[in-house]
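If you want the building blocks of each chain, they are given just below.
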Amino acid sequence: ATLPAAAAQECPPALGYLQRVEGAHLPPMVAPPKHRTAENLTDLPSDLLCNIYCALANPLAPAAACYFASTCHDVRSAALARAASATFSEAQHLQCFWARATALCKSKRMTRSLLSRATQFTAGPVISGECFSAADAEIFGQLLGARSITRLHMLVLEQNQLGEEGMRPIVQALADGALPMLRDLQLYENGLGDGFCAALAAALACPARVLPALAILNLSRNRVTSQGVAALAAALSRGALPHLTTLDLSDNDIDGAGIEALAETGRQGLRALETLYIQSQSGGGAARPPGA
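Since we're looking at a predicted model, the values are computed, not measured.

(A) View of helix H3 (residues 46–56). Buried within H3 are the following residues: Leu49, Cys50 and Tyr53. Viewed end-on, H3 has its buried residues packed into an arc of 100°, placing them on one side of the element. Structural note: H3 exposes Asp47 and Ala55 on the side pointing more than 90 degrees away from its buried face.

Here's what the structure looks like:
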């Protein structure tokens, strides 16, 4: 395998040789000439140098970390050092992360640079022609957690049947404050169930930190029952998703108890909500704010 053209443009040619990691190539940390040693860096402890390297280690744009690791021998050693309980060094971790991120981008026919700058990400069999798998969701969640993707305003993952476990890495990243500018989250027909609603409700424990700009949430056709709705409603009543204007829970298994929970939420929170869809698969329904 050879370094993709996009990656070659991002990484300095002065870095020299390429290392093979899981079948992919990434510009390595090159032992620099002595005259390039930065004395101010050599005075820093190795754990601090490693932390700086980790902060620069963006798998969608690895050039900065590669440059930093090439500044002096101390930085290179810190990046290549392996903690006692760790399987890989931070440098090896970046290389593996880079390879997986590159594979994800290739499968979605986009470059790493485009993904890092994207304001909309859409994946699903009807929309893009192929499913967004649990493995895709895992690396995507890791990219969100690493803040390699920060500009999304719309995230559409429809009809992928990810399930609660498949969505877990993404929910964990959101709980940590990822995607603060996200306004539209479409998760139609993913078999998420009540477990996902409970996990999302737990993630929303800090309203100012988690999805503070979200205006549209689509959870239709996800096998959600009144139990899941009640968990979600409890979080919303505590001030989560303060800018939510549209909530779609249609084509789920919600009975009167779920509707009552939403109505109570309308009296306590969700002041911005304009449209609520809760019609069942058998027909009928409602499309107005709870409590109205």
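(B) The environment of Thr265, seen in detail. Tracing the sequence through the fold places Thr265 in helix H12 (residues 256–268). Under the relative-accessibility criterion, Thr265 is labelled buried at 2%. Note: C-alpha distance between Thr265 and Ala233 (32 residues apart in sequence) is 5.8 Å.

(C) The arrangement of the packing of helix H8 (residues 134–145) against helix H9 (residues 163–175) in detail. Close contact between H8 and H9 brings their axes to 7 Å; oriented N to C, the two are set at 10°. With respect to each other, H8 and H9 are oriented roughly parallel. Along the contact surface, H8 presents Ala134, Ala137, Glu138, Phe140, Gly141, Leu144 and Gly145, while H9 presents Gly166, Pro169, Ile170 and Ala173. Tallied by class, the residues present in the contact of H8 with H9 amount to seven nonpolar, three polar and one charged.

(D) Up close: helix H11 (residues 226–237). Here H11 spans 16 Å end to end across twelve residues, near enough to the 16 Å set by a 1.5 Å rise per residue. The set of residues buried in H11 consists of Ser226, Gly228, Val229, Leu232, Ala233, Ala235 and Leu236. Once H11 ends, the next one or two residues include Gly239, with phi positive near 105°.

(E) Fine view of the state of the cysteines. Applying the stated rule across the entire model yields zero disulfides. Here Cys50 stays free of any disulfide, with the sulfur of Cys54 as its closest cysteine sulfur at 4.2 Å. What makes Cys50 buried here is its relative accessible area of 15%.

Basis of the calculations
Residues numbered from 1 in each chain as written. Predicted model: local features only at pLDDT ≥ 70, side-chain atom pairs only at ≥ 80, totals over all residues. Heavy atoms only, no water. Buried < 20%, exposed > 50% of the residue type's maximum accessible area, 1.4 Å probe, protein only. Helix = DSSP H or I, 4+ residues; strand = E, 2+ residues; numbered from the N terminus. Arc of directions from axis to C-beta. Axes fitted to C-alpha atoms, helices over the stretch in contact; angles between N-to-C directions. Parallel < 35°, antiparallel > 145°, perpendicular 65-115°, else oblique. Contact = heavy atoms within 4.5 Å. Nonpolar A, V, L, I, M, F, W, Y, C, P; charged D, E, K, R; others polar. Expected span 1.5 Å × (residues − 1). Disulfide = S-S within 2.5 Å.

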